[in-house]
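Each chain, written out:
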Amino acid sequence: MTWSLASYTVDGVAGFGVLREAGALVAPADLKRWATPLELLDDWASAEAVLRNLTADDLDAAPAVDYDTLLAPVRFPRKVICAGVNYRKHMQEMGGEVPADGWRPFFFLKAPTTSVIGPRDPIVIRDPARARYDWEAELAVVIGIKGKNITAERALAHVAGYCVSNDVTARGYHKRDIVPAEAFSYDWFAAKSAEGSLPLGPGITPAFAVPDPQDLRLRLWVNGELQQDESTADMVCTVAELISAASEVVTLEPGDVIATGTPAGVGVARGLYLRGGDVVRVTIDGLGALENTVIDSAEETS
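Each residue is numbered by its place in its chain's sequence as written, counting from 1. With pLDDT at 70 or above as the cut-off, local features in this predicted model cover only qualifying residues; side-chain atom pairs require 80 or more to be listed or tallied, and sums for whole chains, interfaces and linings still use all residues. Side-chain numbers come from the whole structure's heavy atoms, not from hydrogens or water.

Caption draft 1: Main features of the overall build of the protein chain. Going along the chain from the N terminus, every DSSP run of H or I of four or more residues is numbered as a helix, and every run of E of two or more is numbered as a strand. In terms of helices and strands, the protein chain carries nine helices and 18 strands. Radius of gyration (C-alpha) of the protein chain: 19 Å, near the 19 Å computed for a compact globule of 302 residues. Along the first, second and third principal axes, the C-alpha atoms of the protein chain reach 60 × 50 × 35 Å. Think of it in three bands: residues with accessible area under 20% of the maximum for their type are buried, residues over 50% are exposed, and the middle band is partly exposed, with areas taken using a 1.4 Å probe on protein chains only. Within the protein chain, buried positions represent 51% of all 302 residues. Taking all contacts inside the protein chain whose residues are at least 6 apart in sequence as the whole, residues at least 24 apart take part in 76%. When the accessible surface of the protein chain is split by element, carbon and sulfur atoms take 51% of a total near 13500 Å². Radius of gyration means the value over C-alpha atoms here, while the globule rule gives 2.2 Å times the residue count to the 0.38 power. Whether two residues are in contact is decided by their heavy atoms, any of which lying within 4.5 Å being enough. Calculation of accessible area relied on Shrake-Rupley with a 1.4 Å probe; when residues are assessed, cover is drawn exclusively from the protein chains displayed.

In structure tokens:
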């Protein structure tokens with residue numbers, strides 16, 4: 001990580017600037033033409049040219065921001081599209097087999113305006129014994145150029161940048177016991193769209209600063225114990241293929257977030273789940289880190 005576009009608050013007022021590798025945040029004058037990150041993403045063709053021209057001297061000269069809190073870099077994505085079962089070793093740990101050629105990506109949605117939280121925000125859980133909250137480190141893609149029916153060959157040209165994400169999943173709500181027919185057994189909404197279930201950040205690393213999204217190392221720790229450690233090279237469908245497949249279903253728009261699946265090492269495979277007080281740290285080499293403390297809402301109110 002050399003720098004990324006990050007959102008923050010100062011005295012309750014939101015802003016965005018450049019988060020540097022050492023953790024300092026600066027506000028280059030060239031970014032002032034856009035009022036919000038979403039406005040910048042809507043103008044990505046112009047913004048990318050400005051960002052490419054930012055030099056180390058520009059960042060050294062930019063005024064420092066004494067921020068209070070880092071927010072999610074895109075606080076209100078237009079859509080959050082998540083790829084399921086997209087790592088070979090994760091498929092195997094869940095008892096499945098790696099599909100043959102011709103596999104089509106599997107997608108689900110997370111509520112865009114309420115599931116996304118910042119890179120340091122608490123993960124608030126409710127009724128953890130029943131919900132069985134699990135972790136899922138993921139590479140997140142932020143769309144910068146609108147498109148429908150995008151070819152895989154052109155897909156990466158639609159990417160503004162990449163973030164670290166954690167698709168927190170309530171495994172206990174994933175399958176219902178009482179249903180009118182087997183076809184209605186799975187409740188993806190309840191399992192995936194709990195409020196505050198997608199820590200995202202720490203910023204948007206521009207795509208031009210990421211030479212190969214299929215050569216990134218993801219790691220996740222819970223209370224300092226390494227749980228996930230894998231390369232994006234283990235994906236079944238590449239980032240480009242995921243973008244292409246998603247765009248066949250919906251028009252991708254600037255500010256959309258695509259989570260690209262999680263590698264092996266999730267808790268459910270070993271009967272491990274998040275509890276109040278746990279600290280979850282996720283890193284992707286070159287993109288930065290998330291660190292979120294788990295808070296049990298019942299403990300907070302007791």
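Caption draft 2: Representation of the sheet that holds strand β15 (residues 225-231) in the model. By this definition, two strands are paired if DSSP reports at least two bridges between them. In spatial order, the strands read β8-β18-β17-β14-β15; together these five strands make up an open sheet with mixed pairing. Each edge of the open sheet carries a strand with a single partner, namely β8 (123-125) and β15. In this sheet, adjacent strand axes meet at a mean angle of 15 degrees when their direction is disregarded. Pairing geometry for strand β17 (residues 279-284) and strand β18 (residues 288-296), over six bridges, is antiparallel. What sits directly across from Ile284, in β18, is Gly288. A fitted line through C-alpha atoms serves as each axis, taken over the contacting stretch for helices, and the angle formed by two N-to-C directions is quoted from 0 to 180°.

Caption draft 3: Highlighting the pattern of salt bridges. Counted as salt bridges are all cases of a side-chain nitrogen of Lys or Arg within 4 Å of a carboxyl oxygen of Asp or Glu. Scanning all chains against the criterion turns up 17 salt bridges. For the salt bridge of Glu48 with Arg52, the shortest nitrogen-to-oxygen distance reads 3.3 Å. Here Arg52 and Glu48 lie together in helix α2 (residues 44-52), a separation of four residues that amounts to about one turn. Measuring nitrogen to oxygen at the nearest pair gives 3.8 Å for the salt bridge that ties Lys175 to Glu182. A network of salt bridges, in which partner residues are shared, links Lys110, Asp134, Glu136, Asp167, Arg171 and Lys192.

Caption draft 4: Quick peek at the side chain of Gln227. Mapped onto the elements, Gln227 comes out in strand β15. With residues near it in sequence (within four places) discarded, Gln227 still touches Trp135, Leu220, Trp221, Val222, Ala264, Gly265, Arg270 and Leu272.

Caption draft 5: Highlighting the pairing of strand β11 (residues 159-166). Taking burial as the measure, the eight residues of β11 include eight buried ones, the bulk of the element. When strand β10 (residues 137-143) meets β11, the two strands line up antiparallel, connected through seven bridges. Paired with Leu139 across the two strands is Val164, which belongs to β11. With four bridges joining them, β11 and strand β13 (residues 198-206) adopt antiparallel strand pairing. Paired with Gly161 across the two strands is Pro206, which belongs to β13.

Caption draft 6: Just the nonpolar core, in detail. What makes a nonpolar core is a set of buried Ala, Val, Leu, Ile, Met, Phe, Trp, Tyr and Cys residues whose side-chain atoms join them at distances within 4.5 Å. Leu139, Val141, Tyr162, Ile243, Leu252 and Leu287 are the most contacted members of the largest nonpolar core, which has 39 residues in total. Among the elements of the structure, β8, β10, β11, β14 (217-222), α8 (239-249), β17 and β18 are those that each provide at least two residues to this core. Residues within four places of Leu252 in sequence aside, it is in contact with Ile81, Ile143, Ile145, Lys146, Gly147, Ile150, Ile243, Ala246, Ser247 and Ile258. In terms of nonpolar packing, the next biggest core, distinct from the first, is built from 31 residues, Phe16, Leu40, Leu54 and Ala259 among them.

Fair warning: the whole summary comes from geometry, so function is off the table for now.
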